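Report on the structure
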Number of protein chains: 2
Amino acid sequence: MMRSLWQLRNWRECPVRKLAWVAVVTRLEMFLDALEESQTPDDVQSLVVALRDSYGISNAVYHAVNVGPIPYAALTYTPEWMQYYHDQKFVQVDPVVKGALQKFHPMDWKQLDWSGRGSREFLGEAIAAGVCNQGLSVPIRGPNGQFALFTINDNCSDASWEMFSKEFKRDMMLISHYIHRRVVDIIVPEQDVNRRDLSPRETDSLKYLALGFSRGQISEKLKISEHTLRVYIDSARGKLGALNTIHAVTTAFSRGLISF
Amino acid sequence: MMRSLWQLRNWRECPVRKLAWVAVVTRLEMFLDALEESQTPDDVQSLVVALRDSYGISNAVYHAVNVGPIPYAALTYTPEWMQYYHDQKFVQVDPVVKGALQKFHPMDWKQLDWSGRGSREFLGEAIAAGVCNQGLSVPIRGPNGQFALFTINDNCSDASWEMFSKEFKRDMMLISHYIHRRVVDIIVPEQDVNRRDLSPRETDSLKYLALGFSRGQISEKLKISEHTLRVYIDSARGKLGALNTIHAVTTAFSRGLISF
DNA sequence: ACCTCCCTCGCAGTTTCTGGGGAATACCGC
DNA sequence: GCGGTATTCCCCAGAAACTGCGAGGGAGGT
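The text that follows walks through the structure, step by step, so that each part is easy to find. What you are looking at is a predicted structure, and each value in this text was computed from that prediction instead of being measured.

Conventions used here
- Residues numbered from 1 in each chain as written.
- Chains lettered and ligands numbered in written order.
- Predicted model: local features only at pLDDT ≥ 70, side-chain atom pairs only at ≥ 80, totals over all residues.
- Heavy atoms only, no water.
- Helix = DSSP H or I, 4+ residues; strand = E, 2+ residues; numbered from the N terminus.
- Buried < 20%, exposed > 50% of the residue type's maximum accessible area, 1.4 Å probe, protein only.
- Contact = heavy atoms within 4.5 Å.
- Phe/Tyr/Trp six-rings, centres within 6.5 Å; stacked < 30°, edge-to-face > 60°.
- Lys NZ or Arg CZ within 6 Å of the ring centre and 35° of its normal.
- Near = heavy atom within 4 Å.
- Polar contact = N/O pair within 3.5 Å; in protein donor to acceptor, adjacent residues only side chain to side chain.
- Buried area = accessible area lost by both parts, 1.4 Å probe.
- Salt bridge = Lys/Arg side-chain N within 4 Å of Asp/Glu carboxyl O.

Our next topic: the side chain of threonine 203 of chain B. Residue and element names in this part refer to chain B. Relative to the helices and strands, threonine 203 is located in helix H7 (residues 200-210). Among the residues examined, threonine 203 registers a relative accessible area of 18% and is labelled buried. For threonine 203, the residues in contact, after removing those within four places along its chain, are Leu198, Leu257 and Ile258.

If you walk through the whole model with that rule in mind, you get 29 aromatic pairs over all chains. Centre to centre, the rings of tyrosine 55 of chain B and phenylalanine 168 of chain B are 5.2 Å apart; their planes meet at 85°, and the pair counts as edge-to-face. Here the residue tyrosine 55 of chain B occupies a position in helix H2 (residues 41-55), and phenylalanine 168 of chain B occupies one in helix H6 (residues 158-187), the gap between them amounting to 113 residues. In terms of burial, tyrosine 55 of chain B and phenylalanine 168 of chain B fall into one category: buried. Between phenylalanine 164 of chain B and phenylalanine 168 of chain B the ring centres are 5.1 Å apart and the planes differ by 55°, which places this aromatic pair in the tilted class. Here phenylalanine 164 of chain B pairs with phenylalanine 168 of chain B, and both are found in helix H6, just four residues apart, close to one helical turn. The buried category is assigned to phenylalanine 164 of chain B, whose relative accessible area is 3%. Connected via pairs of aromatic rings, a cluster forms that spans Phe31, Tyr55, Trp161, Phe164 and Phe168 of chain A. The ring of tyrosine 55 of chain A carries arginine 27 of chain A above its face, with NZ or CZ at 3.9 Å from the centroid. A cation sits over an aromatic face here: lysine 221 of chain A above phenylalanine 213 of chain A, 4.4 Å from the ring centre.

Among the 19 residues in the neighbourhood of DNA strand D, the closest are listed as Arg230, Arg237 and Thr245 of chain A together with Ser199 and Tyr232 of chain B. Take the atoms of DNA strand D that sit within 4 Å of the protein: sugar and phosphate atoms are 73% of them. Take threonine 228 of chain B: an N or O atom from its side chain is 3.0 Å from a phosphate oxygen of DNA strand D. At the level of elements, helix H9 (226-240) of chain A together with H7 and helix H9 (226-240) of chain B are the ones that each hand at least two residues to the surface near DNA strand D. A per-element tally of the surface near DNA strand D places H9 of chain B first, with five residues.

Residue-level contacts link 54 residues of chain B with 53 residues of chain A. Note on chain B versus chain A: buried area summed over both sides is about 4900 Å², and carbon and sulfur give 61% of it. A per-residue breakdown of the area chain B buries against chain A is headed by Phe104, Arg170 and Ile246 of chain B, which together make up 16% of the total. The interface formed by chain B and chain A holds four salt bridges in total. Close ionic contact of glutamate 36 of chain A with arginine 170 of chain B constitutes a salt bridge, the shortest N to O distance being 3.3 Å. Listing elements by their share of the side of chain B that touches chain A, those giving two or more residues are helix H1 (18-37), strand E4 (134-141), H6, H7 and helix H10 (245-254) of chain B.

What follows concerns the protein's contact with DNA strand C. Residues in contact with DNA strand C amount to 17 residues; listed here are only the nearest, Ser199 and Tyr232 of chain A together with Arg215, Arg230 and Thr245 of chain B. Atoms of DNA strand C within 4 Å of the protein: sugar and phosphate make up 63%, bases the balance. Side-chain polar atom of tyrosine 232 of chain A to a phosphate oxygen of DNA strand C: 2.3 Å apart, as the coordinates give it. Measuring from a phosphate oxygen of DNA strand C, one finds a side-chain N or O atom of arginine 215 of chain B at 2.8 Å. When contributions to the surface near DNA strand C are tallied by element, the ones reaching two or more residues are helix H7 (200-210) and H9 of chain A together with H9 of chain B. In terms of residues, the surface near DNA strand C owes the most to one element, H9 of chain A, which gives six residues.

Residue and element names in this part refer to chain A. With respect to the element layout, arginine 141 can be found in strand E4 (residues 134-141). For arginine 141, a relative accessible area of 14% gives the class buried. For arginine 141 and valine 67, which are 74 residues apart along the polypeptide, the C-alpha to C-alpha distance reads 9.6 Å. Separated by 3.2 Å, the side chain of arginine 141 and the backbone oxygen of alanine 100 make a polar contact. Here the side chain of arginine 141 touches lysine 103 through a polar contact of 2.9 Å, landing on its backbone oxygen.

Once that is clear, we can look at the environment of tyrosine 178 of chain B. You can see tyrosine 178 of chain B is positioned in helix H6. For tyrosine 178 of chain B and leucine 32 of chain B, which are 146 residues apart along the polypeptide, the C-alpha to C-alpha distance reads 6.5 Å. Excluding its chain neighbours within four sequence positions, the residues that come into contact with tyrosine 178 of chain B are His105, Lys169, Arg170 and Met173 of chain A together with Leu32, Leu35 and Glu36 of chain B.

What follows is the structure in C-alpha cells.
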C-alpha cells in the first residue's frame with residue numbers, strides 16, 4: 001500500500017486529490033519531527049528502515065564518510081556487505097562517494113562515471129550484494145570538514161526512477177539534513193574547548209599559506225617582517241593545537257576559521 | 001495580504017483549511033522551480049526580492065562568502081550598506097558569518113555571540129543601515145570549500161519570529177540550496193581541466209600530511225621509504241597544480257579528494 | 001591600575017622540504 | 001605490443017621552515 005504512495009505525483013492536478021497530497025506532505029514532516037526527537041543510533045537506524053518502507057524503496061543509506069573519529073552508518077544493506085565494504089576500503093573506490101565529494105546537488109547514479117580502475121569490479125560486487133541499479137545520493141557537508149552521504153536505492157526502470165526521484169528529491173534533501181544533524185549530535189563526542197579565535201593577522205597568515213605562498217611572499221604582502229609572520233604562524237599553531245604548519249592550516253580551514 | 005500568509009500555521013489543524021496549506025506548499029515549489037529556470041544574476045536577484053515580498057519579511061539575503069573568485073550577493077539591503085560592508089571588511093567581524101561557519105543547521109541570530117571585539121559596533125551600524133533585529137541564517141556548503149549564507153530578516157517580536165521561523169525554516173533550507181546551486185552555475189566560470197584523480201598512495205600521503213605528521217612519520221606508517229613518499233607528494237603537487245606542499249594539501253582538501 | 005591579548009621586531013641552530021637528476025616492476029587500455 | 005600510469009627505490013645540494021630564546025608598545029576589559 002505504502003509502495004503506491006509515490007504514484008500520487010499527478011494527483012495534485014486534481015483538486016479532489018489534494019488532500020492525499022497533504023498526506024504526503026505530512027509524512028515528510030512526520031519523519032523530520034521523528035528525527036529531531038531521536039536520541040540513540042538505534043533510533044536513527046529504525047527511522048532509516050521505516051523510511052525505506054514508507055517510501056517503498058529497496059534501500060536507504062546514511063553513510064558518515066567523514067564525521068567524527070569513528071565511521072558510522074545507518075542503512076538497510078546487509079551487515080556482511082557493510083563489513084566487506086569497510087574491509088576492502090571501498091570508500092576509496094566507490095564512484096558514489098567520489099562523485100558526491102564534488103557535487104552539491106543530489107545526484108542520480110546514472111550521472112556517475114563507473115569506468116574507473118576499481119569501479120567496475122566494485123559495481124559487480126555491489127550488485128551481487130543486493131545493491132540495486134537505480135540510486136539517488138545526497139551529499140551532506142557540515143563544519144569541520146564533515147562529509148556524509150544519504151542514498152536511496154531501488155530496482156526499477158529508468159522511467160519509474162526518474163518519476164520517483166523528481167517527486168521526492170526535495171524530501172530526501174531535507175531528510176538527509178535532519179539525519180546528519182541528529183547523527184552529529186549523537187556520535188560526535190564533545191566540542192573541543194580549544195575554540196579560541198584566531199587574530200586577524202593570524203587568519204591572514206594562514207590564509208595566504210593555504211593559497212600556496214611562501215613565508216617570504218606573505219611577509220611582503222602583509223608588509224611585516226618574516227620574523228613577525230613566523231610569530232603569527234606559531235601562535236596560530238599553538239591556539240589550534242596543531243602539530244605543524246600544514247596541520248594548523250588544514251585545522252583552521254576545516255573549522256571554518258579561514259576561507260579562500 | 002501576502003504578509004498574513006504565514007499566520008496560516010495552525011490552519012492545517014482544520015480540515016477545511018488544508019487547501020490553503022496546499023497553497024503554501026505550492027508557493028515553495030513555485031520558487032524552487034523558478035530558481036531552477038533562472039539564467040542570470042538579475043533573475044536570482046529578482047527572485048530574492050519576490051521571496052521577501054511573498055513571505056512578508058523585511059529582508060532576504062544570499063551571500064556567497066566563498067564561492068568563486070569574485071564575491072557575489074543577491075539581497076534586499078541597500079547598495080550603500082553592501083558597499084560599506086565590503087569596504088570595511090565586515091565579513092571578518094560579522095558574527096553571523098563567524099557563527100554560520102561553525103554551524104550545520106539554520107541558526108537564529110539570538111543564538112549568536114554579539115560580544116566580540118568588533119561585533120557590537122558592527123551591530124550598531126547594521127541596525128542603523130536597516131538590518132532588522134530578528135534573523136535566521138542558513139549555512140550552505142558546497143564542494144571546493146564553497147561557503148555561502150542565506151538569511152531572512154525582519155523587525156518583529158521574539159514570539160512572532162519564533163513562530164515564523166519554525167513554520168518556514170524548512171522552506172528556507174530548500175530555497176537556500178536552490179539559490180546556491182543556481183548561483184554557482186552562473187558565476188563560477190569553468191571547471192578546471194586539472195581534474196585528474198590522485199592515486200590511492202598520493203591520497204594517503206596528503207591525508208597524513210593534513211593530519212600533521214612529518215614525512216618521516218608518514219613513511220613509517222605507509223611502510224615505504226621517505227624518498228618514495230616524496231615522489232607521491234611531488235606528483236600530487238603536480239597533478240593539483242599546487243605551488244608547494246601546503247597548497248597541495250589544502251587544494252586536495254577543498255576539492256574533496258582527501259578527508260580526515 | 002593591572003592584566004591579557006595583539007602587533008611588531010630580532011638571533012641562532014637544527015630539521016625538514018624542494019628540485020634536479022635516474023631506474024625498476026607491474027597493470028591497464030588501445 | 002606499446003604508451004601511460006602506479007608503485008617502489010636511490011643520491012645530492014640548496015632553500016625553506018621549525019624550535020627556543022628575547023623585547024617593547026598599544027588597545028581593551030575587570
